[in-house]
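# Structural description and commentary
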Amino acid sequence: MTAAAAPPLLEAHRLSFHRQDEPVFAPLDFRLHAGELALVEGDNGSGKTTLLRLLAGLLHVSEGRLLWRGAPWQREACAGEILFLGHQLGQKLELSPRENLAFAAGLHGRRDGITLDGVLDEAGLAGYGDEPVRRLSAGQKKRAALARLLLQPAALWLLDEPYANLDRHGIALVNRLLERHVAGGGAVLVSSHGAVGFHGGEPQRIRMHA
Amino acid sequence: MASWIPLWLHKLGSPPTFYRFAGALRPWAMGLALLLGAIGLYGGLVLAPPDYQQGDAYRIIFIHVPSAWMSMFVYAVMGVSGFIALVWRMKLAEVVAMESAPIGAAFTFITLVTGSLWGKPMWGTWWTWDARLTSELVLLFLYLGVIGLYHAFEDRRQGARAASFLAIIGVINVPIVHYSVTWWNTLHQGSTVNIFGHSKMAWDMLWPLLLMTLATKAYYVASLCRRARTDILALEGGKDWVRRIAEDEATP
Amino acid sequence: MSGASLPQACAAMLRRDLTLAWRRRGDLAMPVLYAVIVAVLFPFALGPDLALLQRIAAGVVLVTVLLAMLLALDAMFASDIEDGSLEQLVLSPQPLAPMLGMKILAHWLATALPLIVVSPLLAGMLHLPAAAMPALLLALLLATPLLSLLGAVLVALTVGTRRSGMLLALMLLPLCVPVVIFAAGAVAAAQQGLPWLAPVAWLAAALILAVVLAPLACAAALRIALDS
């Protein structure tokens, strides 16, 4: 099967979302195939976060069409195939990273041959696995959230500002995860202000206008 | 089957059409409400004979009973349009549901006030925990809850959907409350009040009552038209057709 | 790849919420404390007349427990909204209704169960006859989950709003009127030596209906309230 024959993972035609009847961003057209990475670019307030939440299924499409594997987007069809990581990290502050990950695995499932210890090690949280998330630094909290990328099976990652709060090693970690995911046939949509040091080919760019 | 009905409804569902339609309908409905209300009140307060048991005090029914009917009728309208708003996400249904709520709450409030004014001479008390009264009070709380929830949201359309959901829960709740209070009263041996049990109503009293019922319905339509028009203008503020109306009104 | 099965997900949800409740156990004492304070105030307001206190004991305990539950209800989704876990729950491949059912169960275990445990103490302070105690406990065991379930639907509706506990009380009042009537009716009947199983059976029937329907309604309400 060639990439051209398979329908794109995600396809948007004149996609827009309205809040109080006002479009949040100008209509968008894009296609995202398996094994592709797309950068969502735009100024503050241009609707990057809204777009990611819309694609994740948290919001209703106001106008235009959204296709998932060539068929109209439906919650049931892509449940468990999308991993959304927003500004709010979804980490319970009273629980440790390990407990948070165990809960995520219980809810979303986990990849084969993955252990929580392995995930914590790779996310750079070795030794912090049993501390309450409340006591971790902002960067470590972010790493605890990013650890879900290693744990959960998903075809499409929707990452909102994944580099925020991270140090140099954290940024390298995100880039490594992105490259591995794309090389493994996954697709990623990343919103970011900063430059992305992505080495898996020239990323597609989705330009947003308010 | 008449296929023009859905088409007509569909056209009416578009805000500009409804805005024009409601604008045309409103003066007629208001005129009808005033006319019927004047005749009905004259018939009820002047022409109808005093009641052989209650004297003149019964005349409050010409306000009380139509309001009580309207309090439930408006709730039913709110529930149905709320359902349409939730299922088909139709903007006009949201507007109708949310703008009905204050009118219905007003009717419910009038019902409670007139009822207790009437209750003082008849039963010797302003308030009794009878099933009908309690249900009416619960209805008022439901209306207030719907209005409160609607205004708690920043996004008005989202607020309308949430409040519609609450209204639908209320539709199920009111009969349950009525039934449970009836059961409660039998348990507590409460005073059983039977308002119309003693006689069939004389025609002299009935026709003003029916006229008043129609008058309140017409008033509701007129009031809803006015409120809905305002609301639609606010919701569609940025659209071209609203801008054209504003320009028309600016240049006399 | 291995997806999570529904029973696994339900167990994970229940375990997480109970762990959280345990880690914040200071908060759990609040509703209980509140109920004790309110119940203690009644004899001071009404005088220590034994016959009067006996008559109102059941009603006071029921209303106090209800108000204490209302106090804790607001927090059901609050922290999940704040830290984004609610989004992750909505996006998970699991059906939302049973997961919310588990959340409601955890919330009931953490807030209502302690209240039920102290309720004999409250009833004793108000001189409720011992004969009516089983009726009170059974009524509470059925009425409190019913209130948690109904309350959860309403809390879900207010999730997207500026927080407002008063609005929640206004919305919950019409729904809890029948619950209070039947629960108090059962205890009153027991106190008068009458058969009291009928109102309890009604409560049980309502609870069964609510267990099935309320999580579905809660899920629908949550989707409405999150969509903006």
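Residues numbered from 1 in each chain as written. Chains lettered and ligands numbered in written order. Predicted model: local features only at pLDDT ≥ 70, side-chain atom pairs only at ≥ 80, totals over all residues.

## Here we look at the nonpolar core
Most often, soluble globular proteins have nonpolar side chains that are buried together. Selection rule: Residues enter a nonpolar core if they are buried, belong to Ala, Val, Leu, Ile, Met, Phe, Trp, Tyr or Cys, and are joined to the set through C-beta atoms within 7 Å. A residue is called partly exposed when the number of other C-beta atoms within 10 Å of its own lies between 12 and 20, exposed at 12 or fewer, and buried at 20 or more, with C-beta atoms placed from the backbone. What counts as a contact is two residues whose backbone-derived C-beta atoms lie within 7 Å of each other.
Within the largest apolar cluster, 203 residues are counted, with the highest numbers of intra-cluster contacts made by Leu158 of chain A together with Val61, Ala139, Leu150 and Val187 of chain C. Those residues in contact with valine 187 of chain C that lie beyond four places of it in its chain are Ala58, Ala132, Ala135, Leu136 and Ala139 of chain C.

## Describing the pairing of strand β1 (residues 10–16) of chain A
Residues and elements named next belong to chain A. Note the cut-off: At least two DSSP bridges between two strands are required for those strands to pair. Secondary structure is summarised from DSSP: a helix means a run of H or I of at least four residues, a strand means a run of E of at least two, and numbering begins at the N terminus for each.
Sheet topology places β1 next to strand β4 (residues 28–32); four bridges connect them, and they run antiparallel. Bridge pairing in β4 places leucine 10 opposite leucine 32. Here β1 pairs with strand β6 (residues 63–68) via five bridges, running antiparallel. Counted as the bridge partner of glutamate 11 is leucine 67 from β6.

## Focus on the sheet that holds β6 of chain A
One key point about sheets: their strands pair by backbone hydrogen bonds, in either a parallel or an antiparallel sense. Spatially, β4-β1-β6-β7 (chain A) is the arrangement adopted by the four strands of the open sheet, whose pairing is antiparallel. The sheet is open, and its two edges are formed by β4 and β7 (71–72) of chain A, each paired on a single side.

## Some words on the interface of chain C and chain B
Filter applied, for reference: Residue polarity follows a fixed list, in which Ala, Val, Leu, Ile, Met, Phe, Trp, Tyr, Cys and Pro are nonpolar, Asp, Glu, Lys and Arg are charged, and the others, Gly among them, are polar.
In this assembly, 22 residues from chain C lie in contact with 23 residues from chain B. Among the elements of the structure, α8 (165–191) and α9 (197–226) of chain C are those that each provide at least two residues to the side of chain C that touches chain B. With 11 residues, the top contributor of residues to the side of chain C that touches chain B is α8 of chain C. Across the side of chain C that touches chain B, the residue classes break down as 14 nonpolar, six polar and two charged.

## Re the interface of chain A and chain C
How large an interface is tends to be reported as the accessible area lost when its parts come together. Of the residues lining the interface, 30 residues belong to chain A; the matching set on chain C comes to 26 residues. At six residues, the largest contribution of residues to the side of chain A that touches chain C is made by helix α3 (residues 97–108) of chain A. Class assignment of the residues belonging to the side of chain A that touches chain C gives a composition of 13 nonpolar, 10 polar and seven charged.

## Topic: the sheet that holds strand β8 (residues 82–85) of chain A
Residue and element names in this part refer to chain A. Filter applied, for reference: Angular values range over 0 to 180 degrees, each being the angle between N-to-C directions of two axes fitted as lines to C-alpha atoms, with helices fitted over their stretch in contact.
Ordered in space as β8-β9-β10-β5-β11, the five strands form an open sheet in which the pairing is parallel. In this open sheet, the two edge strands, each paired with only one partner strand, are β8 and β11 (204–207). Averaged over all adjacent pairs, the angle separating strand axes in this sheet is 15 degrees, with direction ignored. As paired strands, strand β5 (residues 37–41) and strand β10 (residues 187–191) are joined by four bridges and run parallel to one another. Paired with leucine 39 across the two strands is valine 190, which belongs to β10.

## So, the packing of helix α4 (residues 91–123) of chain B against helix α7 (residues 203–235) of chain B
Residues and elements named next belong to chain B. The cut-off we apply is this: Note that the term roughly parallel is reserved for angles under 35 degrees, roughly antiparallel for angles over 145, roughly perpendicular for angles of 65 to 115, and oblique for everything else. Whether a crossing is left-handed or right-handed is set by the direction in which the near helix is turned from the far one by less than a right angle, anticlockwise for left-handed and clockwise for right-handed.
The geometry of α4 relative to α7 is characterised by a closest axis approach of 9 Å and an angle of 125 degrees between their N-to-C directions. What the angle tells us is that α4 and α7 run oblique. The element α4 and its partner α7 pack so that their crossing is right-handed. Between α4 and α7, the residues in contact are Lys91, Val95, Val96, Glu99, Ser100 and Ile103 and Tyr220, Ser223, Leu224, Arg227, Ala228, Asp231, Ile232 and Leu235, respectively. When grouped by side-chain class, the residues that make up the contact of α4 with α7 number eight nonpolar, two polar and four charged.

## Topic: the environment of alanine 106 of chain C
All names here are of chain C. One can find alanine 106 in helix α6 (residues 96–125). In the structure, alanine 106 is positioned 89 residues away from aspartate 17 in sequence and 6.1 Å away in space, judged by C-alpha atoms. Leave out the neighbours within four places in its chain, and alanine 106 touches Leu14, Asp17, Leu18 and Ala21.

## A short note on helix α2 (residues 25–46) of chain C
All names here are of chain C. For clarity, the threshold we go by: Multiply 1.5 Å by the residue count of a helix minus one, and that product is the helix's expected span.
Helix length check: α2, at 22 residues, gives a terminal C-alpha distance of 34 Å against a target of 32 Å (1.5 Å per residue), a fit within 8%. When α2 is considered as a whole, its buried residues turn out to be Pro31, Val32, Ala35, Ala39 and Phe42. Of the surrounding elements, those touching the buried residues of α2 are α3 (50–73) and α6. One or two positions beyond α2, positive phi appears at glycine 47, with a value near 90 degrees.

## Quick look at the UniProt feature "transmembrane region" (unreviewed entry) in chain C
Here is the rule we go by: UniProt positions are given in the numbering used here, feature names are shortened, and annotations may be inferred rather than shown by experiment.
According to UniProt, the "transmembrane region" (unreviewed entry) feature falls on residues 28–46, 52–73, 104–123, 135–159, 166–190 and 202–226 of chain C. Counted over residues 135–159 of chain C, helix gives 92% and strand 0%. Its end C-alpha atoms are 35 Å apart.

## Things to note about unusual backbone geometry
Residues and elements named next belong to chain A. Of note in this structure, arginine 14 is not a glycine but carries a positive phi near 50 degrees. Position of arginine 14 relative to the elements: it lies in strand β1. Under the C-beta neighbour-count criterion, arginine 14 is labelled exposed, with 11 such atoms within 10 Å.

## Details of helix α1 (residues 6–23) of chain C
Put simply, the rule is: Taking the helix axis as origin, the arc is that swept by the directions to the C-beta atoms.
For α1 of chain C, with 18 residues, the first-to-last C-alpha span of 26 Å sits near the 26 Å given by 1.5 Å per residue. Inspection of α1 of chain C places Ala9, Ala12, Met13, Arg16, Asp17 and Leu20 of chain C among the buried residues, and these make up the whole buried set. For α1 of chain C, the angular spread of the buried residues around the axis is 120 degrees, confining them to a single face. Of the residues in α1 of chain C, the exposed ones pointing more than 90 degrees away from the buried face are Pro7 and Trp22 of chain C. Those residues of α1 of chain C hidden inside the fold are in contact with α3 of chain A together with α6 of chain C.

## Brief notes about the packing of helix α7 (residues 133–157) of chain C against α8 of chain C
All names here are of chain C. The N-to-C vectors of α7 and α8 enclose an angle of 170 degrees; their axes lie 10 Å apart at closest approach. What the angle tells us is that α7 and α8 run roughly antiparallel. Counting all contacts with α7, which are made through Ala135, Leu136, Ala139, Ala143, Leu146, Leu147, Leu150, Gly151, Leu154 and Val155, the residues of α8 involved are Leu168, Met171, Leu172, Leu175, Cys176, Val179, Ala183, Ala186, Val187 and Ala190. Broken down by class, the residue content of the contact of α7 with α8 amounts to 19 nonpolar, one polar and no charged.

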